[in-house]
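# Chain and residue survey
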Amino acid sequence: MAAVGTPQEPYAPKPAAEGRGYWRWHRDDFFPEPSFASWGAYRSALAATPARLRDRFTGRSTDAIELGALRRRSENEMRRCLTWWDLTWFGFGSVIGAGIFVLTGQEAHDHAGPAIVLSYIVSGLSAMLSVFCYTEFAVEIPVAGGSFAYLRVELGDVAAFIAAANLILESIIGTAAVARSWTSYFASLINKPASALRIQTSLKDGYNELDPIAVVVIAVTATMAILSAKGTSRINWVASAIHVVVIAFVIVAGFIHANPSNLTPFMPHGVPGVFQAAAIVYFAYGGFDNIATMAEEVKNPSRDIPLGLLGSMSVITVIYCVMALVLSMMQPYTAIDRSAAYSVAFSSVGMHWAQYVVALGALKGMTTVMLVGALGQARYTTHIARSHIIPPVFALVHPRTGTPVNANILIAAAACCIGFFSSLDVLSSLLSISTLFIFMMMAIALLVRRYYVKGVTTRSHALRLLVFVLVIIASSAGIAAYWGTTPGRWEGYVALVPAWLLGTLGIQMMVPAARAPKVWGVPLVPWLPSLSIATNLFLMGSLGSDAFVRFGACTAIMLIYYVLVGLHATYDVAHDVCSEDELKDYGDAADDAADEKATAKTADVERASAGDGGR
């Protein structure tokens, strides 16, 4: 693709061989691209913004570039030291924390009642659909970028930036939310109200309780993650094993003191309350995407990632549902405490000592969530910085620890600022909508990966794919909007549900598959990815308007940053020669594309000879 805009000097990153140290503060380490070389160059870049936007909308990366050229921009390799066993325990450590121990009580009390069990089932099914999509990508593109890298390959730079912005937002807000919950449970552990350890101010409600303890917890877990990935894994093994014992205690002791009459009324706020709660408690499943970002450090990605991701998430979904049922049977939903539900529930049935066990287990769970989160979030940020969407200094891997120290510090510092001011209910709704949006984009990317390969897919088939995907998105969004605006009515579904079915069936019947997974793939394509799109959009539609206002405001700020900074940095990198090694990777990418084309044609011949009409 030809360069667009003012001709500039080629961008060439300084090689690591120059012997520069890790800690760098020169301007060129943050903005090395020609567009930022001077104010004159920057003004010229801004003048070329429309042309550059058009260019980046069509720009695509490749598997080979993500695995090769981008990884080398970190100068030092991350160490391949993890196995499926590490990933499984990372799954437990990254997911079971604030969601189940805090949001269960909040949503059972406010929206779902005892039907919070159904909310966890709905969220769990939607999360598992997303896990399938993530697993296929992580096996074939095992890099630290996670969904950012996958979307950059399949949907292009602009879509990848939207994902990158939401990933960083999700990382910061998620860390802050869990840290705030940590303070609440620590207060209950020492027999104080949930907000007793926070500093009360006269600021706006939701931002008026300052939390210095959350800041300390974020700093400590980030420091541990910086020191060693394998060492963090060992700590997580032990802590998660203890957590499993605490969970077993909660389930057994809870059922002993269960009263089935507390399940009545089962659905006090109706079906809308169940789905509204499901959209919020989706936060409890969100940590699994951190596991995908560890792919670059996994010894055998094709075996270890499916085992670690799918195995841990299946067990976690069952645990969540059982724990939600236990809580609902111990107390009437109106008496459930919103901040420390399980501790207060055990105290209410006379097991006062048990609240300390529960609070301690919750603290441990939230600590490992933050610990594993610090690992995964820094790796997202590292790969985003490799593309120069954010300054490339955050892509550097420390030569001694083998970890992205700068990226860890960036996320931890921002999370400390947010966690110090913002309450959990403000954070959780914004986090949920960001997470659901990214997972919806991932399902779209999987459909594109399976049914579109440049040079293989014909123009007519590509157009059909685009139309059918738009039908799936539009009908799914329509179902969510109709549910939110006209509850209790059914007429709209008569048109919307068949439209979704026709869109999905159209891909299956009228668009030939262009690529098959090399090792492990999502089953029932296009149906499972299409269902993932529908469920994620539906849960997004179940969130309140405040969540969309906050999401829209954050997205607008991110897009301003992209137009002013990220667009020009990525444009320079995409259109200038970086090094001989990167050129080699582009050549490898072309070879891979040729191989994929030949493989796809061979597969078409085999399918045709089998008499299945090219499917």
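Residues numbered from 1 in each chain as written. Predicted model: local features only at pLDDT ≥ 70, side-chain atom pairs only at ≥ 80, totals over all residues. Heavy atoms only, no water.

Per an unreviewed UniProt entry, the protein chain goes by the name Cationic amino acid transporter C-terminal domain-containing protein and belongs to Triticum aestivum. What the UniProt record of the protein chain gives under Subcellular location (unreviewed entry) is the line "Membrane". In UniProt, the protein chain has this text filed under Sequence similarities (unreviewed entry): "Belongs to the amino acid-polyamine-organocation (APC) superfamily. Cationic amino acid transporter (CAT) (TC 2.A.3.3) family." (UniProt positions renumbered as here; feature names shortened; annotations may be inferred.)

What follows is about the overall build of the protein chain. Per the secondary structure count, the protein chain includes 24 helices and two strands. Going through the 615 residues of the protein chain one by one, you find that 59% of them count as buried. Long-range contacts, defined here as pairs at least 24 residues apart, represent 84% of the contacts in the protein chain between residues at least 6 apart. As displayed, the protein chain offers around 23,400 Å² of accessible surface, 69% of which is attributable to carbon and sulfur atoms. (Helix = DSSP H or I, 4+ residues; strand = E, 2+ residues; numbered from the N terminus. Buried < 20%, exposed > 50% of the residue type's maximum accessible area, 1.4 Å probe, protein only. Contact = heavy atoms within 4.5 Å. Areas by Shrake-Rupley, 256 points an atom, 1.4 Å probe, with all protein chains shown as cover.)

For the structure on display, the rule yields four cavities of 30 Å³ or more. By volume, the second largest cavity is sized at about 80 Å³. What lines the second largest cavity is Thr 175, Ile 218, Thr 221, Ala 222, Met 370, Ala 374, Gln 377, Ala 378, Asn 408, Ile 411 and Ala 412. Mapped onto the lining of the second largest cavity, the elements with two or more residues apiece are α11 (212-227), α17 (354-386) and α18 (405-421). Examining the composition of the lining of the second largest cavity, we find that four residues originate from one element, α17, more than from any other. (1 Å grid on protein atoms, 1.4 Å probe; cavity = no way out; pocket = protein on both sides within 12 Å on 5 of 7 lines; lining within 4 Å. Points joined across faces, edges and corners; volume = space filled by probe spheres on them.)

We now examine the pattern of salt bridges. Considering all chains together, one arrives at 14 salt bridges under this definition. Between Glu 136 and Arg 450 there is a salt bridge, with the nearest N and O atoms lying 2.9 Å from each other. Of this pair, Glu 136 sits in helix α8 (residues 116-140) while Arg 450 sits in helix α19 (residues 424-451), and the two are 314 residues apart along the sequence. A residue is classified by how much of its surface remains accessible, and Arg 450, at 11% relative accessible area, is buried. In this structure, Glu 140 engages Arg 449 in a salt bridge whose closest nitrogen and oxygen atoms are separated by 2.8 Å. Taken as a pair, Glu 140 in helix α8 and Arg 449 in helix α19 lie far apart in primary sequence, 309 residues in all. Comparing Glu 140 with Arg 449, the two get one shared label, buried. Within the structure, one salt-bridge network assembled from shared partners comprises Asp 63, Glu 140, Glu 154, Arg 449 and Arg 515. (Salt bridge = Lys/Arg side-chain N within 4 Å of Asp/Glu carboxyl O.)

Taken over all residues, the pLDDT of the protein chain has a mean of 80, while the share at 70 or more is 87%. Considering only residues more than four positions removed or in separate chains, one finds that residues 1-18, a stretch of pLDDT under 50, has 39 contacts. With pLDDT under 50 throughout, residues 577-615 is counted as low confidence; its partners more than four residues away or in other chains account for 42 contacts. (pLDDT = per-residue confidence, 0-100.)

This paragraph deals with the packing of aromatic side chains. Evaluation of the coordinates by the stated rule reveals 19 aromatic pairs. A centroid spacing of 6.4 Å and a plane angle of 75° characterise the contact between Tyr 134 and Tyr 150, whose relative ring orientation is edge-to-face. Note that Tyr 134 is positioned in helix α8 and Tyr 150 in helix α9 (residues 147-154), a separation of 16 residues in sequence. The class for Tyr 134 is buried, based on a relative accessible area of 1%. Judged by centre distance (4.8 Å) and plane angle (80°), the rings of Phe 275 and Phe 538 are edge-to-face. Of this pair, Phe 275 sits in helix α13 (residues 270-281) while Phe 538 sits in helix α22 (residues 527-541), and the two are 263 residues apart along the sequence. The exposure class of Phe 538 is buried, given its relative accessible area of 15%. (Phe/Tyr/Trp six-rings, centres within 6.5 Å; stacked < 30°, edge-to-face > 60°.)

Judged by nonpolar contacts, the single largest core of 170 residues is most densely connected at Tyr 120, Tyr 185 and Tyr 342. In terms of residue count, helix α10 (residues 157-189) provides more of this core than any other element does, 18 residues in total. (Core = buried A, V, L, I, M, F, W, Y, C linked by side-chain atoms within 4.5 Å.)

This paragraph deals with the packing of helix α16 (residues 341-348) against α17. Between α16 and α17, the least distance of the axes is 8 Å, while the angle of their chain directions is 170°. As the angle between them shows, α16 and α17 are arranged roughly antiparallel. Counted together, Tyr 342, Ser 343, Phe 346 and Ser 347 of α16 and Ala 354, Gln 355, Val 358 and Ala 359 of α17 form the full contact between these two elements. Partitioning the contact of α16 with α17 into residue classes produces five nonpolar, three polar and no charged. (Axes fitted to C-alpha atoms, helices over the stretch in contact; angles between N-to-C directions. Parallel < 35°, antiparallel > 145°, perpendicular 65-115°, else oblique. Nonpolar A, V, L, I, M, F, W, Y, C, P; charged D, E, K, R; others polar.)

All right, on to the packing of helix α2 (residues 39-47) against helix α3 (residues 49-58) then. Look at α2 against α3: their axes get within 5 Å of each other, and the N-to-C directions meet at 65°. Contact residues: α2 offers Ala 45, Leu 46 and Ala 47, while α3 offers Thr 49, Pro 50 and Arg 52. Classifying every residue of the contact of α2 with α3 gives four nonpolar, one polar and one charged.

Let's shift gears to the side chain of Thr 221. When you line up the elements, Thr 221 lands in helix α11. If we skip the residues at most four places from it in the chain, Thr 221 touches Thr 367, Met 370, Leu 371 and Ala 374.

This part covers unusual backbone geometry. Along the chain, Thr 264 connects to Pro 265 via a cis peptide bond; the corresponding omega equals -5°. Here Pro 265 shows up in the loop between α12 (229-256) and α13. Geometrically, the link from Val 525 to Pro 526 is a cis peptide bond, its omega value of 15° lying close to zero. Turning to its location among the elements, Pro 526 is positioned in the loop between α21 (491-510) and α22. For His 388, which is not glycine, the phi dihedral falls at a positive 75°. In this structure, His 388 sits in the loop between α17 and α18. A residue is classified by how much of its surface remains accessible, and His 388, at 3% relative accessible area, is buried.

Bringing the environment of Trp 527 into the picture now. Here Trp 527 shows up in helix α22. Linking Trp 527 and Leu 447, residues 80 residues apart in sequence, is a C-alpha distance of 9.7 Å. Separated by 2.9 Å, the side chains of Trp 527 and Gln 508 make a polar contact. (Polar contact = N/O pair within 3.5 Å; in protein donor to acceptor, adjacent residues only side chain to side chain.)

Now for a nonpolar patch on the surface. Side chains of Leu 118, Ile 121, Leu 125, Phe 266, Met 267 and Val 271 sit close together on the surface and give an oily, nonpolar patch of about 460 Å² of accessible area. A total of three residues in the nonpolar patch trace back to one element, the largest contributor, which is α8. On the secondary structure map, Leu 118 appears in helix α8. We classify Leu 118 as partly exposed; its relative accessible area is 30%. (Patch = residues over 30% accessible without salt bridge, like charges linked within 9 Å, V, L, I, M, F, W, Y side chains within 5 Å.)

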